[in-house]
Amino acid sequence: MPAARVVFCDAHPYDAGYLPVEQIAGRVRVRGRGGTVLQPGIHLLETARDFPAAAPVLLITDGHCDAVRIRREHAFLIPEAARLPFTPRGPVFRLR
């Protein structure tokens with residue numbers, strides 16, 4: 001995959017657009033103070049004309065977030081000791 005769509009969630013979603021995947025880890029500067037309200041970012045992706053309808057979504061969070069409703073394939077990436085405040089429907093991957 002040459003690029004991934006990056007959306008930061010804070011009080012409002014910030015769409016960073018499509019970024020080369022090698023720039024995301026370690027090079028992307030996080031906007032906002034952390035995503036506690038993820039649903040607007042999910043809505044942004046689900047309604048974006050330039051985001052493929054079949055593309056999956058990876059939500060990266062510390063677990064302190066709202067309950068989300070996602071209509072497409074998705075997964076969560078959270079810290080090893082974190083918990084989501086809802087029962088997720090997609091897979092949950094944990095990071096040490």
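As a starting point, this report considers the structure included with it. As the structure is a computational prediction, the values presented were derived from the model and not from experiment. (Residues numbered from 1 in each chain as written. Predicted model: local features only at pLDDT ≥ 70, side-chain atom pairs only at ≥ 80, totals over all residues. Heavy atoms only, no water.)

A word on a nonpolar patch on the surface
(1) Moving on: Residues Met 1, Val 21 and Ile 24 make up a contiguous nonpolar surface patch of about 290 Å² in total accessible area.
(2) Moving on: If you trace the backbone, Ile 24 turns up in helix α1 (residues 21–27).
(3) Moving on: In this structure Ile 24 comes out as partly exposed when scored by relative accessible area, which is 31%. (Patch = residues over 30% accessible without salt bridge, like charges linked within 9 Å, V, L, I, M, F, W, Y side chains within 5 Å. Areas by Shrake-Rupley, 256 points an atom, 1.4 Å probe, with all protein chains shown as cover. Salt bridge = Lys/Arg side-chain N within 4 Å of Asp/Glu carboxyl O. Helix = DSSP H or I, 4+ residues; strand = E, 2+ residues; numbered from the N terminus. Buried < 20%, exposed > 50% of the residue type's maximum accessible area, 1.4 Å probe, protein only.)

Details of the pattern of salt bridges
(1) Moving on: Evaluation of the coordinates by the stated rule reveals 3 salt bridges.
(2) Moving on: Note that Asp 50 is salt-bridged to Arg 5, the shortest N-O span being 2.9 Å. One end of the pair, Asp 50, is in the loop between α2 (39–47) and β3 (57–60); the other, Arg 5, is in strand β1 (residues 3–9), and 45 residues separate them in sequence.
(3) Moving on: Between Arg 71 and Glu 46 there is a salt bridge; the shortest N-O distance is 3.7 Å.

Focus on the nonpolar core
(1) Moving on: Counting 18 residues, the largest nonpolar core has Leu 38, Leu 59, Val 68 and Phe 76 as its most contacted members.
(2) Moving on: Breaking this core down by element, the ones donating at least two residues are β1, α2, β3 and β4 (74–79).
(3) Moving on: Beyond its immediate chain neighbours, meaning those up to four positions away, Phe 76 contacts Leu 58, Leu 59, Val 68, Ile 70, Leu 84, Phe 86, Pro 88, Gly 90, Pro 91, Val 92 and Phe 93. (Core = buried A, V, L, I, M, F, W, Y, C linked by side-chain atoms within 4.5 Å. Contact = heavy atoms within 4.5 Å.)

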